Amino acid sequence: MRASLIQIAVDPDEPVDSRRARVARLVREESGRADLVVLPELWPMGAFAYELFAAESEPLNGPTHRAMAAAARDAGVWLHAGSFVEAEGGALYNTSLVLSPDGELIASYRKIHRFGFDKGEAVMMAAGEDLVTVDLPHLTLGVGTCYDLRFPELFRGLVDAGAQAFVVPAGWPARRRAHWTLLAQARAVENQAYVLACGTAGTHAGVEQAGHSIVVDPWGEVLAEAGPDEETLRVVLDPAKVTATREQFPALKDRVLGIAAPRRV
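Residues numbered from 1 in each chain as written. Predicted model: local features only at pLDDT ≥ 70, side-chain atom pairs only at ≥ 80, totals over all residues. Heavy atoms only, no water.

Under an unreviewed UniProt entry, the protein has the name Carbon-nitrogen family hydrolase and belongs to Streptomyces wedmorensis. Regarding the protein, the relevant UniProt record gives this comment under Sequence similarities (unreviewed entry): "Belongs to the carbon-nitrogen hydrolase superfamily. NIT1/NIT2 family." (UniProt positions renumbered as here; feature names shortened; annotations may be inferred.)

Here it is in structure tokens:
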């Protein structure tokens, strides 16, 4: 399976409509190059542009969904469309979309762990509740977003739901880039799964972004890593490697604590 991670740099002076069009072009450029394309977190306005969250929020089937569905269909790729600010029932959510090569919405995920402690996303957005996995041909994806990466129990739940790879879009600060790399490798090693972690580049509302999107294999080896300003990271995944790793080193079978029936949507 060929995967492309597109590391969007958010220009605060670029109108959101123009950015959607630019990102759609980048997705279309992966036609024939990728089976799966991944975008980063909150790329329509920037993960730290809190003042824009309410103003740029949209329903699930809003302009971001429509633009990305068309791009996925035109490119003929599975598309994890990063995330956007979803407005529903008077609440805001940090919501990800997974679209099929026909442009069909296969799954949506509302970020469970909101960053900011007592400010920003943590107080402005509601928390999601459901774990989400998506069955692609030959590979099952588990979906998380940015700050979720710090919570291993979420990824254990995704493994229990059948995940063989994790897709993690993010707007991760440059000052904590070492954590980004370390946690991506840890989630891969402890769950014997691929990790595709797609971050943003540039600066969001004065916060320098880490970039350095990374793909880690089930043994924890880094298959590919982007630089801070590199736009597209391409890598080839071998779904059979997940099964082989779990058979060769069956650590997951020795789990004793924290095993529960997963919720799956």
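What follows picks up the thread again.
Account for the pattern of salt bridges, with residues named and values stated.
Evaluation of the coordinates by the stated rule reveals 17 salt bridges. Here Glu-30 makes a salt bridge to Arg-234, at a shortest N to O gap of 2.8 Å. Taken together, the residues span a long stretch of sequence, with Glu-30 in the loop between helix 1 (16-28) and strand 3 (36-38) and Arg-234 in strand 15 (residues 232-236) at a distance of 204 residues. Residues Lys-241 and Asp-217 are paired through a salt bridge, measuring 2.6 Å at the closest nitrogen-oxygen approach. Taken together, the residues Lys-241 in helix 6 (residues 240-248) and Asp-217 in the loop between strand 13 (214-216) and strand 14 (222-225) connect sequence positions 24 residues apart. Salt bridges sharing partners connect three or more residues here, namely Glu-14, Arg-19, Arg-22 and Glu-231. (Salt bridge = Lys/Arg side-chain N within 4 Å of Asp/Glu carboxyl O. Helix = DSSP H or I, 4+ residues; strand = E, 2+ residues; numbered from the N terminus.)

An account of helix 5 (residues 177-191) is requested, with residue identities and associated values reported.
For helix 5, spanning 15 residues, the distance from its first C-alpha to its last is 22 Å, which sits close to the expected 21 Å at 1.5 Å a residue. In the stretch just after helix 5, Gln-192 is the one whose phi turns positive, near 50 degrees. (Expected span 1.5 Å × (residues − 1).)

An account of the sheet that holds strand 2 (residues 9-10) is requested, with residue identities and associated values reported.
Think of a sheet as strands paired side by side through backbone hydrogen bonds, with each pair either parallel or antiparallel. In space, the three strands of this open sheet follow the order 2-11-12, with mixed pairing throughout. Edge positions in the sheet fall to strand 2 and strand 12 (207-208), since each of these pairs with one other strand and no more. Inspection of the sheet shows strand 11 (residues 201-204) paired to strand 12 by two bridges, in the antiparallel sense. Counted as the bridge partner of His-204 is Val-207 from strand 12. (Pairing = 2+ DSSP bridges.)

Could you give an account of the packing of helix 1 against helix 2 (residues 63-75), naming the residues involved and the relevant values?
Contact geometry for helix 1 and helix 2: axes closest at 8 Å, N-to-C directions at 20 degrees. Classified by the angle their axes make, helix 1 and helix 2 are roughly parallel. The way helix 1 lies across helix 2 gives a crossing that is right-handed. Contacts from Arg-20, Val-23, Ala-24, Val-27 and Arg-28 of helix 1 reach helix 2 at Pro-63, Thr-64, Ala-67, Met-68, Ala-70, Ala-71, Ala-72, Asp-74 and Ala-75. Looking at the contact of helix 1 with helix 2 residue by residue, the class counts come to 10 nonpolar, one polar and three charged. (Axes fitted to C-alpha atoms, helices over the stretch in contact; angles between N-to-C directions. Parallel < 35°, antiparallel > 145°, perpendicular 65-115°, else oblique. Left-handed = near helix turned anticlockwise from the far one by under 90°. Contact = heavy atoms within 4.5 Å. Nonpolar A, V, L, I, M, F, W, Y, C, P; charged D, E, K, R; others polar.)

Any details on helix 2? Residues and values, ideally.
Relative to the 18 Å expected for 13 residues at 1.5 Å per residue, helix 2 spans 18 Å between its end C-alpha atoms, a close match to the ideal helical length. The set of residues buried in helix 2 consists of Thr-64, His-65, Ala-67, Met-68, Ala-69, Ala-70, Ala-71, Ala-72 and Ala-75. Gly-76 sits one or two residues past helix 2 and shows a positive phi near 70 degrees. (Buried < 20%, exposed > 50% of the residue type's maximum accessible area, 1.4 Å probe, protein only.)

Account for the nonpolar core, naming residues and giving values.
Counting 50 residues, the largest nonpolar core has Leu-36, Val-134, Phe-166, Trp-172, Leu-196 and Leu-237 as the members making the most contacts within it. Not counting residues within four places of it along the chain, the set of residues in contact with Leu-237 comprises Met-1, Ala-3, Leu-139, Tyr-194, Leu-196, Val-215 and Leu-223. Listed in part, the 22 residues of the second largest apolar core include Ile-8, Val-27, Ala-67 and Val-77. (Core = buried A, V, L, I, M, F, W, Y, C linked by side-chain atoms within 4.5 Å.)

Hey, could you go over the packing of aromatic side chains for me, with residue numbers and the actual values?
Summed over the entire model, instances satisfying the criterion amount to nine aromatic pairs. Measuring from centroid to centroid gives 6.1 Å for Phe-48 and Tyr-50, while their planes differ by 55 degrees, and the two rings are tilted. With relative accessibility at 10%, the residue Phe-48 sits in the buried group. Of the residues examined, Tyr-50 reaches a relative accessible area of 23% and is grouped as partly exposed. Consider the rings of Phe-117 and Tyr-147, whose centres lie 6.5 Å apart with planes at 80 degrees: the pair is edge-to-face. Taken together, the residues span a long stretch of sequence, with Phe-117 in the loop between strand 6 (105-110) and helix 3 (121-124) and Tyr-147 in the loop between strand 8 (139-143) and helix 4 (152-160) at a distance of 30 residues. The exposure class of Tyr-147 is buried, given its relative accessible area of 15%. By the ring-pair criterion, three or more aromatic residues cluster together here, those being Phe-115, Phe-117, Tyr-147 and Phe-151. Stacked on the ring of Tyr-93, the Lys or Arg Arg-110 has its end atom at 3.7 Å from the ring centre. (Phe/Tyr/Trp six-rings, centres within 6.5 Å; stacked < 30°, edge-to-face > 60°. Lys NZ or Arg CZ within 6 Å of the ring centre and 35° of its normal.)

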